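Structural characterization, general
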Amino acid sequence: MKKLFWVGIGIGVGVLAARKLSEARELASADGLNRTVGRISDSLHEVAEAFRTGMNERETELRQALGLDETTGASHH
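One structure accompanies this document, and this report is about it. (Residues numbered from 1 in each chain as written. Predicted model: local features only at pLDDT ≥ 70, side-chain atom pairs only at ≥ 80, totals over all residues. Heavy atoms only, no water.)

What follows concerns the overall build of the protein chain. Regarding its fold elements, the protein chain presents 3 helices and 0 strands. Taken from N to C terminus, the helices and strands of the protein chain fall in the order α-α-α. A total of 77 residues make up the protein chain; the buried ones form 1% of that total. Carbon and sulfur atoms form 64% of the exposed surface of the protein chain, whose accessible area is close to 7,100 Å². (Helix = DSSP H or I, 4+ residues; strand = E, 2+ residues; numbered from the N terminus. Buried < 20%, exposed > 50% of the residue type's maximum accessible area, 1.4 Å probe, protein only. Areas by Shrake-Rupley, 256 points an atom, 1.4 Å probe, with all protein chains shown as cover.)

Now the structure itself:
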């Protein structure tokens, strides 16, 4: 019974290792690298866009809190 258990464990580990190797080979191919770089690029673009949006919202909040919106700033000149 113990032997059968360990054989089952060994087969499971072997299958997982084979899948991981297959995934690694796919990622190492030119198409796989292009997909990975594309995903990373898209993610970085989304993060940068979210940062810019947050920064602009915060700037607007601060300008309103300090009474420095663009229309009042232009009237003082």
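This paragraph deals with the packing of aromatic side chains. One pass over the full model with this rule turns up 1 aromatic pair. Taken together, a centroid distance of 5.1 Å and an interplanar angle of 75° make the contact between phenylalanine 5 and tryptophan 6 edge-to-face. (Phe/Tyr/Trp six-rings, centres within 6.5 Å; stacked < 30°, edge-to-face > 60°.)

Another point: helix H2 (residues 30-66). For H2, spanning 37 residues, the distance from its first C-alpha to its last is 53 Å, which sits close to the expected 54 Å at 1.5 Å a residue. Within two residues after H2, glycine 67 carries a phi angle of roughly 70°, on the positive side. (Expected span 1.5 Å × (residues − 1).)

On to the pattern of salt bridges. Inspection of the entire model under this criterion finds 4 salt bridges. Residues arginine 52 and glutamate 49 are paired through a salt bridge, measuring 2.7 Å at the closest nitrogen-oxygen approach. Separated by 3 residues within a single helix, arginine 52 and glutamate 49 lie in helix H2, roughly one turn from each other. In this structure arginine 52 comes out as partly exposed when scored by relative accessible area, which is 39%. Its relative accessible area of 37% is what places glutamate 49 among the partly exposed residues. (Salt bridge = Lys/Arg side-chain N within 4 Å of Asp/Glu carboxyl O.)

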